Structure formats: C-alpha cells, structure tokens
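Given next are the chains, with one letter for each unit.
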Amino acid sequence: MKTSRIAVLLGGMSAEREVSLVSGVKCAEALRVKGHEVVEIDVDRDVWDRLKDADPDIVFNALHGEYGEDGRIQGLLEYFGRPYTHSGVAASALAMDKERTKAALRPFGLDCPEGVVADRFEAARTHLIEPPYVAKPNDRGSSVGVLIVPEGANRPPAELAADSWPYGDEVLIEKFISGRELTVAVMDDRPLAVTEIVPKTAFYDYEAKYAAGGSDHILPADVPAAVAAQAMQAALTAHREIGCRGLTRTDFRWDEPGDGRVWLLEINTQPGMTPTSLAPEQAAHCGIDFPDLVEWMAEDASCPR
Ligand SMILES: Nc1ncnc2c1ncn2[C@@H]1O[C@H](COP(=O)(O)OP(=O)(O)OP(=O)(O)O)[C@@H](O)[C@H]1O
Ligand SMILES: C[C@@H](N)C(=O)O
Ligand SMILES: [Mg+2]
Ligand SMILES: [Mg+2]
C-alpha cells in the first residue's frame, strides 16, 4: 500500500470510550510501523473541524459503541467524502440494533434467540418473558449493562429502573442460551476461525473481556467440525446480509447441553482491537499479524458515494 496520511478516530462519546482509546492507539501504532503518517483524533462534537484540519487521505474508524458504530459518524464521513474503514451507514445502524439484526437474519435460516425490546421501567416491573433470560441494552457493546436473570427469579433486575442507569431507556429481554461461547471474525468475504471463550467470571462481562487473563480463548475452538462450519457460515451470512464491509465479528452461544444449536447473538461492525480482543487474535492465527491486519483495513477503506 502506498504511504498515506491517515486520521485514526478514537475515544468518542460512548460507554465504550476507554476500549476505543486502547483500540485506536494500537491501530495508530501499527499504521506508523507500516510507514504511514498518522493523526489521532479523540472524537467529540468538534470532529468535523478536526477532520478538516487533519486533511487525511483515509479515515480509520477505531470507535466503538454509540455515535461511532451506529451509523452516525459514518454519515458524517460520507459528507466528508474520504475513504473510511469498516461498514457504511445502513449496515452500521442495523447491526447496532441487536433485535432488528436478528429479525433481519432469521429469514436466512440463522438461529437467533427470541427477544423483546421494551422500555426499561416496564422490564423492571414484570418478567416480559419466562426466566432464564438476559436483560441488556439493545444498542451498546462490551457487555455494558448486561444482566442475567436466572431460572426461578422472582423479580426482574431492579437496576433497570435505577436513576443512574446510563444506557438509554430501550432494553432487550432475550432468552438465555445456556452452553458455550463462540465467536467468528470475518475479513471481507473470509471467515477467519472459531474461538471459544471461557470467562473467569459468571459470563463474558467487561472484566472478562479486558482484564489480562479475564478469560481463556481456545483457538481454534475444540468443537465438532460441523459446529465450527456452522458458526463460520453463519458469521459470513450475517456479514453479507447486513451489508457489512471490512472487518466484523459475530458472537454466538452454542447450546451444547440443550439441542446443540448455534445461536447468533449479534454482529459487531467495529470489533475490538485491544490486546485481549478476539478478531486480531484470529487474524494472527491465520498468519495475518496486527500491522498487516490494520493496514489491510486501511487499504479496504471506501466512501461509496
Ligand atoms: N441470550 C443470551 N444468552 C446467554 N448469554 C448471553 C445472551 N446475551 C448475551 N449474553 C452474554 O453477554 C455477553 C455480551 O452480550 P452481547 O454479545 O449481546 O453484547 P455486547 O455488549 O454487544 O458485546 P460485545 O463486547 O461483543 O460488543 C455475551 O458474550 C454472553 O456472554
Ligand atoms: C468493542 C466490542 N464491542 C467488541 O465487539 O469487540
Ligand atoms: Mg456487541
Ligand atoms: Mg458480543
């Protein structure tokens, strides 16, 4: 790839700001290793002015969560008119909405857990589906606000009605899928591998995701070949049918003690690029080191309109 001037967007205004600062610094470092001129932009409401000042050839979006992964910054980048990494406006907006993503993918034969989107105060008053279920923000990431409601629970989680609840009023109440946790990254049209995640905590929460040693990653996952093939195919189908670009990562639960189905939870259009993140680990497993992965992402950047 020819040497370019690349603006790396990082930080931002989401609940995943700290994660994005780590992803962004790592990606900026990798692009510098590859010889590119890099400007880091910690994104706030002045991002337009900062982009104009930076005058980049390419924008590398290392944001996660609301404003950075949900079509909003992508819309602004379309106006800016320079190639940007990852998915475009529509795919980003759809993928950030977990329940609508599942509805979009079921017609393609993918198993997606039953769920209902509700106002958080209503969900705090009464069980909207029979426990066990998961109550989680419909449009956040890094497991923020994820609450597990076990079988036999008398009441919904009181946290949902707290004044201090910071994740918006819309929650997804989703059937709890017991079993094992799998994930598959996709680069363009290539599913990379299947990782099984074994968290040290009760589930794959923020701590298990980002604390060193917070979870074990088994790569390649020690699962039957048919299960691995099903997860890889489902990740590719999700990437294509949601209309994604560049790198994505799709998360699954394999209901091994139950009926053995592989259930799709969500597709992430801005997967983490931190030292404990899963997509770079899968790329490395396929022989693509971190600088090569990041440079491929920059090279793959586009601005279709
Ligand atoms: N329906 C479910 N059944 C069982 N566990 C679940 C379910 N939904 C979520 N979880 C648990 O919570 C974690 C986070 O859920 P999910 O992947 O939907 O959210 P996220 O916050 O967008 O995560 P990410 O960091 O991957 O963006 C899952 O990895 C899983 O451990
Ligand atoms: C960054 C985090 N939402 C991930 O999917 O890796
Ligand atoms: Mg997510
Ligand atoms: Mg996830």
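About the cut-offs
- Residues numbered from 1 in each chain as written.
- Chains lettered and ligands numbered in written order.
- Predicted model: local features only at pLDDT ≥ 70, side-chain atom pairs only at ≥ 80, totals over all residues.
- Heavy atoms only, no water.
- UniProt positions renumbered as here; feature names shortened; annotations may be inferred.
- 1 Å grid on protein atoms, 1.4 Å probe; cavity = no way out; pocket = protein on both sides within 12 Å on 5 of 7 lines; lining within 4 Å.
- Helix = DSSP H or I, 4+ residues; strand = E, 2+ residues; numbered from the N terminus.
- Contact = heavy atoms within 4.5 Å.
- Polar contact = N/O pair within 3.5 Å; in protein donor to acceptor, adjacent residues only side chain to side chain.
- Donors = N, O, S within 2.8 Å, 3.2 Å for Na, K, Ca; no water.
- Buried < 20%, exposed > 50% of the residue type's maximum accessible area, 1.4 Å probe, protein only.
- Pairing = 2+ DSSP bridges.
- Near = heavy atom within 4 Å.
- Areas by Shrake-Rupley, 256 points an atom, 1.4 Å probe, with all protein chains shown as cover.
- Sits in = over half its atoms within 2 Å of the grid points.
- Nonpolar A, V, L, I, M, F, W, Y, C, P; charged D, E, K, R; others polar.
- Axes fitted to C-alpha atoms, helices over the stretch in contact; angles between N-to-C directions.
- Parallel < 35°, antiparallel > 145°, perpendicular 65-115°, else oblique.
- Points joined across faces, edges and corners; volume = space filled by probe spheres on them.

### What about the UniProt feature "binding site: Mg(2+) 2" (unreviewed entry) in the protein?
Here is step 1 of the chain: Following the UniProt record, one finds the feature "binding site: Mg(2+) 2" (unreviewed entry) at Glu266 and Asn268. Put simply, the named residues that line the largest cavity are Glu266 and Asn268.
Here is step 2 of the chain: With respect to the secondary-structure elements, Glu266 resides in strand 13 (residues 262-268).
Here is step 3 of the chain: Filtering out sequence-adjacent residues up to four positions away, Glu266 remains in contact with Lys98, Arg249, Thr250 and Asp251.
Here is step 4 of the chain: Polar side-chain contacts of Glu266 include one of 2.8 Å to the side chain of Lys98.
Here is step 5 of the chain: Take Asn268: it is sitting in strand 13.
Here is step 6 of the chain: Within polar-contact distance, the side chain of Asn268 engages the side chain of Asp251 at 3.1 Å.

### Focus on the coordination of the magnesium ion (ligand 3)
Here is step 1 of the chain: Distances from the magnesium ion (ligand 3) to its protein donors, Glu266 (OE), Glu266 (OE) and Asn268 (OD1), fall within 2.1 to 2.3 Å.
Here is step 2 of the chain: The metal-metal distance between the magnesium ion (ligand 3) and the magnesium ion (ligand 4) is 3.8 Å, with Glu266 coordinating both.
Here is step 3 of the chain: For Asn268, a relative accessible area of 10% corresponds to the buried category.

### Quick word on the pairing of strand 13
Here is step 1 of the chain: Most of strand 13 sits out of view: 7 of its 7 residues are buried.
Here is step 2 of the chain: Alignment of strand 12 (residues 247-254) against strand 13, held across 6 bridges, turns out to be antiparallel. Bridge pairing links Thr250 to Ile267 in strand 13.

### Some thoughts on the UniProt feature "binding site: Mg(2+) 1" (unreviewed entry) in the protein
Here is step 1 of the chain: What UniProt calls "binding site: Mg(2+) 1" (unreviewed entry) maps, in this numbering, to Asp251 and Glu266. In summary, the annotated positions, though distributed over 16 residues, converge in three dimensions, the widest C-alpha pair being only 5.6 Å. Those annotated residues that line the largest cavity are Glu266.
Here is step 2 of the chain: Note that Asp251 resides in strand 12.
Here is step 3 of the chain: In contact with Asp251, not counting residues within four places along its chain, are Leu182, Thr183, Trp263, Leu264, Leu265, Glu266 and Asn268.
Here is step 4 of the chain: Separated by 2.7 Å, the side chains of Asp251 and Thr183 make a polar contact.
Here is step 5 of the chain: Take Glu266: its relative accessible area is 12%, and that puts it in the buried class.

### Structural notes on the site of ligand 1
Here is step 1 of the chain: Around ligand 1, the structure places 22 residues, and the nearest of them are Lys98, Lys136, Ser143, Glu181 and Lys209.
Here is step 2 of the chain: Ile177 is positioned with one of its backbone polar atoms (N or O) 2.9 Å from a nitrogen atom of ligand 1.
Here is step 3 of the chain: Between ligand 1 and the protein, one listed contact pairs an oxygen atom with a side-chain N or O atom of Asn268 at 2.9 Å.
Here is step 4 of the chain: Burial of ligand 1 by the surrounding chains reaches 97%, relative to a free accessible area of 610 Å².
Here is step 5 of the chain: Because more than half of its atoms lie within 2 Å of the grid, ligand 1 is assigned to the largest pocket.
Here is step 6 of the chain: If you list the elements that add at least two residues to the shell around ligand 1, you get strand 5 (133-137), strand 7 (170-175), strand 12 and strand 13.
Here is step 7 of the chain: Looking at the shell around ligand 1, its residues break down into 7 nonpolar, 4 polar and 11 charged.

### Describing the sheet that holds strand 2 (residues 37-42)
Here is step 1 of the chain: Reading across the sheet, the 3 strands line up as 2-1-3 and stay open at both edges, with parallel pairing between neighbours. Pairing within the sheet leaves two strands with one partner each, and these edge strands are strand 2 and strand 3 (58-61). On average, each strand axis in the sheet is inclined to that of its neighbour by 25°, with strand direction left out of account.
Here is step 2 of the chain: Docked against the sheet, helix 3 (residues 72-80) engages strand 1 (5-10) and strand 3, running at close to 175° with respect to strand 3.

### Describing the packing of helix 1 (residues 17-33) against helix 10 (residues 290-299)
Here is step 1 of the chain: Running from N to C, helix 1 and helix 10 point in directions that differ by 90°, and their axes come no closer than 9 Å. As summarised for this structure, helix 1 and helix 10 are arranged roughly perpendicular, according to the angle between their axes. Where helix 1 abuts helix 10, its residues Lys26, Cys27, Ala30 and Leu31 lie against Phe290, Pro291, Val294, Glu295 and Ala298.

### Comments concerning empty space enclosed by the protein
Here is step 1 of the chain: In total, this model carries 1 cavity of 30 Å³ or more according to the counting rule given.
Here is step 2 of the chain: Empty space within the largest cavity amounts to approximately 70 Å³.
Here is step 3 of the chain: In terms of lining, the largest cavity is formed by Glu16, Glu69, Ser92, Ala95, Met96, Lys98, Arg140, Gly141, Glu266, Ile267, Asn268 and Thr269.
Here is step 4 of the chain: Those elements giving two or more residues to the lining of the largest cavity turn out to be helix 4 (89-96) and strand 13.
Here is step 5 of the chain: In terms of residue class, the lining of the largest cavity is built from 3 nonpolar, 4 polar and 5 charged.

### Concerning the side chain of Ser92
Here is step 1 of the chain: Here Ser92 is to be found in helix 4.
Here is step 2 of the chain: A polar atom in the side chain of Ser92 sits 3.4 Å from the backbone oxygen of Ser87.
Here is step 3 of the chain: For Ser92, the residues in contact, after removing those within four places along its chain, are Glu69, Asp70, Gly71, Gln74, Ser87 and Thr269.

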